Amino acid sequence: MRRVVITGLGTVNALGLNVETSFPRILAGENGVSTNKLFDVSDQACKIAAQVDWDREACGFSKSDSRKLDPFTMWALIASDEALRDAGLEDVTEASEETRERFGTIIATGIGGITGILEQHDVLKERGPRRVSPHFIPRIMANAVSGQVAIRHGLLGTAFTTSSACASAGHAIGMAWRAIQWDDCDVVLTGGSESAITDLAIAGFASAKALSTRNDDPGAASRPFDKDRDGFVMGEGCGLLVFEEYERAKARGARIYAEVKGYGSTDDAFHITAPKVDGRGPARAFEEALRHGKVNPEDVQYVNAHGTSTAYNDAIETTALKLTFKGHAKKLAVSSTKSMIGHLLGAATGVELVYTALAVHTGQVHPTRNYETPDPECDLDYVPNQAREIEVRNALCNSLGFGGHNVSVLIGKPD
């Protein structure tokens, strides 16, 4: 079976529009959560979010582009430019068709173009059906993200979008890994993108009692594994990675951040929103990833947890880690990126795998921000509040989504 490595990284999130800006801030445990400025939140139960601070024109998009592209697609275009440039593949558009036929695009989104849906719904109601934009459908369809990235870079290989709530990017990453393993592609651009901070989405999650309402202290609202957590904070942005066949990457002298060693995917088959309390569903995903990678539990040093800051998720993920790792669970460094940039829904695993790859590459593990009061049900080492330098030979990156979906990706130093 062909080996797969990570050779390029790109991100847009609340702590920066690229890896260079955001990674030092992530290591410093900085806060990306603030009062929601995107729309009137006076009637909302949750008034906070982790928003991307950006200027469309400064990022290269015209007013015409904004009519044709939802933010989740624009952010993927920005991150794809960065990831390919980082991998030394920015000139791929100039390569032969034969070469580009081996480049794939598998990018996830959980909700897709909801901003465009709401905008054009208002147009329909206020101005009538004839005024609905001809760009409406290609702007809001979930697969716009993979299609537009493929078009931008001329990538002719397999291209599609996965959508499985908070596990969406995890599934995209797993499919990218397999596409290279199975010799369908030599390079795949993968990850996820999401722009779901809208009044409707916030109201819906708040009605489901999923969101933090610590509105008076936004910087302390996302507190995974802490006893006083009261829900997640919505985030937005994109995380993309260049996956490449190992021998190809080595032959061209590419920098290798980490090897993608395993992937596990399961379902609780229990409830559409609530995880099953025994933790067996996530544990089976963790175990599958380890089995595929032929890595023993005691050879894992770090886990980038799903860690949403909700009562059930954090406790059940902790249980699942203990089921998989048993006594070694107490020796794991476990941290949550969501404590700083919120929950990016379908894009979460994409962004979090970027920082997991950097942990493997640099030996720097980012902290879990706002961890102050231990919870007896969450009794592992959550790297509280300060980054840590450790040798990360192997790491898991986890995602658990509505629908009972559980995904775990195993990466590590190439053997």
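Residues numbered from 1 in each chain as written. Predicted model: local features only at pLDDT ≥ 70, side-chain atom pairs only at ≥ 80, totals over all residues. Heavy atoms only, no water.

Draft legend 1. Spotlight on the overall build of the chain. Across its full length, the chain carries 14 helices and 14 strands. Relative to the compact-globule value of 22 Å for 415 residues, the chain shows a C-alpha radius of gyration of 20 Å, a close match. Oriented by its inertia axes, the alpha-carbon framework of the chain measures out at about 65 × 55 × 40 Å. By residue count, 59% of the 415 residues in the chain fall in the buried class. Restricting to contacts in the chain with at least 6 residues of sequence separation, those with at least 24 account for 79%. When the accessible surface of the chain is totalled, it reaches about 15900 Å², and 50% of it is carbon and sulfur. (Helix = DSSP H or I, 4+ residues; strand = E, 2+ residues; numbered from the N terminus. Rg over C-alpha atoms; globule rule 2.2 N^0.38 Å. Buried < 20%, exposed > 50% of the residue type's maximum accessible area, 1.4 Å probe, protein only. Contact = heavy atoms within 4.5 Å. Areas by Shrake-Rupley, 256 points an atom, 1.4 Å probe, with all protein chains shown as cover.)

Draft legend 2. Focus on helix α11 (residues 280-293). With 14 residues, α11 extends 20 Å between its outermost C-alpha atoms, agreeing within 8% with the 20 Å of an ideal straight helix rising 1.5 Å per residue. Of all the residues in α11, the buried ones are Gly-281, Pro-282, Ala-283, Ala-285, Phe-286, Ala-289, Leu-290 and Gly-293. Of the surrounding secondary structure, the elements contacted by the buried residues of α11 are β8 (258-267), α12 (311-325), β13 (394-401) and β14 (405-412). After α11 finishes, the residue Lys-294 shows a positive phi value of roughly 50 degrees. (Expected span 1.5 Å × (residues − 1).)

Draft legend 3. View of the nonpolar core. Of all hydrophobic cores here, the largest spans 48 residues; its most connected members are Ile-6, Leu-9, Phe-243 and Ile-411. The element contributing the most residues to this core is helix α14 (residues 348-362), with eight residues. Once residues lying within four places of it in the same chain are set aside, the contact partners of Ile-6 are Leu-241, Val-242, Phe-243, Arg-255, Ile-256, Tyr-257, Ala-258, Val-260, Ala-357 and Ile-411. Formed by 28 residues, the second largest nonpolar core is a distinct cluster that contains Val-52, Ile-78, Phe-103 and Leu-155. (Core = buried A, V, L, I, M, F, W, Y, C linked by side-chain atoms within 4.5 Å.)

Draft legend 4. Structural detail: the packing of aromatic side chains. Per the counting criterion, the structure on display carries eight aromatic pairs. Taking the centre distance of 5.4 Å and the plane angle of 75 degrees together, the rings of Phe-205 and Phe-232 count as edge-to-face. Residue Phe-205 is found in helix α9 (residues 199-207), and its partner Phe-232 is found in the loop between α9 and β7 (237-245); the two are separated by 27 residues along the sequence. In terms of burial, Phe-205 and Phe-232 fall into one category: buried. Taken together, the ring pairs in this structure connect Trp-54, Phe-61 and Trp-75 into an aromatic cluster. Over the face of the ring belonging to Tyr-246 we find Arg-3, whose NZ or CZ atom lies 4.2 Å from the ring centre. (Phe/Tyr/Trp six-rings, centres within 6.5 Å; stacked < 30°, edge-to-face > 60°. Lys NZ or Arg CZ within 6 Å of the ring centre and 35° of its normal.)

Draft legend 5. Expanded view of the pairing of β14. Among the eight residues of β14, seven are classified as buried, and the element is accordingly described as predominantly covered. One ladder, built from eight bridges, connects β8 with β14; its direction is antiparallel. If you follow Glu-259 over to β14, its bridge partner there is Gly-412. Sheet analysis places β13 next to β14, joined by eight bridges and oriented antiparallel. The residue bridging Ser-399 from the neighbouring strand is Val-407, located in β14. What sits between the antiparallel neighbours β13 and β14 is a turn of three residues, in which Gly-403 has the positive phi angle 100 degrees. (Pairing = 2+ DSSP bridges.)

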